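Spelled out, the chains give:
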Amino acid sequence: IHRLQRVQNCIARVVQPTKSATASSSLLASLHWLPIRQRVTFKLAGLVYRSLHGTSPLLSYSYLSSLLHTCTPTRPLRSSSAHLLVEPRLRNTLASRGFRSIGPRIWNSLPNDIKSAPSFSSFRSKLKTRLFVSTNLSIAGHLVNSPRL
C-alpha cells in the first residue's frame, strides 16, 4: 500500500503542479482524493452495502452476500438495531485479510446513519465525507502535534 500511496502522491503533483515543499496530504485534500488506505476502505464498504442490499445485477454480489451474515442476538439488545455483521473467527492472518473477515469489520465500524442510507449514492456520499473528514483531522492533528524544527 505504501508504494501505491507514493504513486498517488506523484500523480497529485502532476495534476496540480505546486512547489516541492508542499505536503502530499494537503494536495490530496485540495483534489478531494482519499489516501489509498481510506480508498480501499471506501471500496470494500461499497461492496458490503451492495451485497447486503442486492443493488447490482452482477452474480459476484450474490456470492459476496453469501459470505456475510447478519448478527441476530438471542435476546433483545440495544445493539440489535445497529445492523451488525458477524465477524468470523479465523486462525491465520492470511484468512483475516479476506472479504469474509474484513468486510464485516469495516461495516461494523461504520456509524448507523451511514449504514442505513436509503440509496447507494447517498451511502457513498456519506462514507466519503466521513473518511475525508477523519483523514484531514488526523493530518491536522499530526501537524499540530509535530515538533517544530
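Given the structure is predicted, the values throughout are model-derived calculations rather than measurements.

Colleague: How should the overall build of the protein chain be read in this particular structure?
Modeller: Helices and strands together make up the secondary structure of the protein chain, namely 7 helices and 0 strands. The linear arrangement of helices and strands in the protein chain, starting from the amino end, is α-α-α-α-α-α-α. Here the protein chain holds 149 residues, and the buried ones make up 28% of them. Counting contacts in the protein chain only where the partners sit at least 6 residues apart, residues at least 24 apart contribute 49% of the total. Carbon and sulfur atoms form 59% of the exposed surface of the protein chain, whose accessible area is close to 10400 Å².

Colleague: How do you make sense of the packing of helix α3 (residues 36–53) against helix α5 (residues 99–109) when you look at a structure like this?
Modeller: Packed helix pairs are characterised by how far apart their axes lie and by the angle those axes make with each other. Following both chains from N to C, one finds α3 and α5 inclined at 95°, their axes separated by 9 Å at the closest point. On the basis of their axis angle, the class for α3 and α5 is roughly perpendicular. On the side of α3, the interface is formed by Thr 41, Leu 44, Ala 45, Leu 47, Val 48, Tyr 49 and Leu 52, while α5 contributes Phe 99, Ile 102, Gly 103, Ile 106 and Trp 107. Of the residues assigned to the contact of α3 with α5, the class counts are 10 nonpolar, 2 polar and no charged.

Colleague: Even after reading the chapter, I still don't get the nonpolar core, so can you show me in this structure?
Modeller: Soluble, globular proteins show a tendency: their nonpolar side chains are buried together. In terms of nonpolar packing, the biggest core is built from 21 residues, with Ala 45, Val 48, Phe 99, Trp 107, Leu 110, Phe 123 and Leu 127 touching the most fellow members. Elements with a minimum of two residues in this core: α3, α4 (59–67), α5 and α7 (120–145). If we skip the residues at most four places from it in the chain, Leu 110 touches Ala 45, Lys 115, Phe 123 and Leu 127.

Colleague: What is the right way to look at a positive patch on the surface in this model?
Modeller: Taken together, the side chains of Arg 39, Lys 43, Arg 124 and Lys 128 make up a positively charged region of the molecular surface. Sorting the residues of the positive patch by element identifies α3 and α7 as the ones contributing at least two each. When you line up the elements, Arg 39 lands in helix α3.

Colleague: Explain unusual backbone geometry here, please?
Modeller: Keep in mind that most residues, glycine aside, have a negative phi and that most peptide bonds are trans. Here His 32, not a glycine, exhibits a phi torsion of approximately 60°, which is positive. Checked against the element boundaries, His 32 lands in the loop between α2 (24–30) and α3.

Colleague: For this particular structure, what's the right way to read the environment of Leu 68?
Modeller: Within the secondary structure, Leu 68 sits in the loop between α4 and α5. For Leu 68, a relative accessible area of 7% translates into the label buried. Leu 68 sits 20 residues away from Pro 88 along the chain, and the two C-alpha atoms are 9.5 Å apart. With sequence-adjacent residues up to four places away left out, Leu 68 is seen in contact with Val 48, Ser 51, Leu 52, Leu 85, Phe 99 and Pro 104.

Colleague: Hey, could you run me through a nonpolar patch on the surface in this one?
Modeller: On the surface, a nonpolar cluster with roughly 250 Å² of combined accessible area is contributed by Val 7, Ile 11 and Val 15. Tracing the backbone shows Val 7 in helix α1 (residues 2–15).

Colleague: Sorry, what's going on with α1 here?
Modeller: Structural remark: α-helix, 3.6 residues per turn; residues separated by three or four positions point the same way. Its 14 residues place the ends of α1 20 Å apart at the C-alpha level, agreeing with the 20 Å of an ideal helix rising 1.5 Å per residue. Buried within α1 we find Gln 5, Gln 8, Asn 9 and Ala 12. Seen along its axis, α1 keeps its buried residues to an arc of 100°; they face one direction. Along α1, exposed side chains directed more than 90 degrees from the buried face belong to Arg 3, Leu 4, Arg 6 and Val 14.

Colleague: In this structure, what is going on with the packing of aromatic side chains? I would like to understand it.
Modeller: Each aromatic ring pair is summarised here by two numbers: the centre-to-centre distance and the angle between the ring planes. Following the criterion strictly, the structure yields 5 aromatic pairs and no others. Summarising the aromatic geometry, the rings of Phe 120 and Phe 123 are spaced 6.4 Å apart at their centres and angled 25° between planes, so their arrangement reads as stacked. With a gap of 3 residues between them, Phe 120 and Phe 123 both fall in helix α7, about one helical turn apart. A network of ring pairs unites the aromatic residues Tyr 49, Trp 107, Phe 120 and Phe 123 as a single cluster. The ring of Phe 120 carries Arg 50 above its face, with NZ or CZ at 4.1 Å from the centroid.

Scoring rules and cut-offs
- Residues numbered from 1 in each chain as written.
- Predicted model: local features only at pLDDT ≥ 70, side-chain atom pairs only at ≥ 80, totals over all residues.
- Heavy atoms only, no water.
- Helix = DSSP H or I, 4+ residues; strand = E, 2+ residues; numbered from the N terminus.
- Buried < 20%, exposed > 50% of the residue type's maximum accessible area, 1.4 Å probe, protein only.
- Contact = heavy atoms within 4.5 Å.
- Areas by Shrake-Rupley, 256 points an atom, 1.4 Å probe, with all protein chains shown as cover.
- Axes fitted to C-alpha atoms, helices over the stretch in contact; angles between N-to-C directions.
- Parallel < 35°, antiparallel > 145°, perpendicular 65-115°, else oblique.
- Nonpolar A, V, L, I, M, F, W, Y, C, P; charged D, E, K, R; others polar.
- Core = buried A, V, L, I, M, F, W, Y, C linked by side-chain atoms within 4.5 Å.
- Patch = residues over 30% accessible without salt bridge, like charges linked within 9 Å, V, L, I, M, F, W, Y side chains within 5 Å.
- Salt bridge = Lys/Arg side-chain N within 4 Å of Asp/Glu carboxyl O.
- Lys, Arg positive; Asp, Glu negative; His and termini not counted.
- Charge placed at Lys NZ, Arg CZ, Asp CG, Glu CD.
- Expected span 1.5 Å × (residues − 1).
- Arc of directions from axis to C-beta.
- Phe/Tyr/Trp six-rings, centres within 6.5 Å; stacked < 30°, edge-to-face > 60°.
- Lys NZ or Arg CZ within 6 Å of the ring centre and 35° of its normal.

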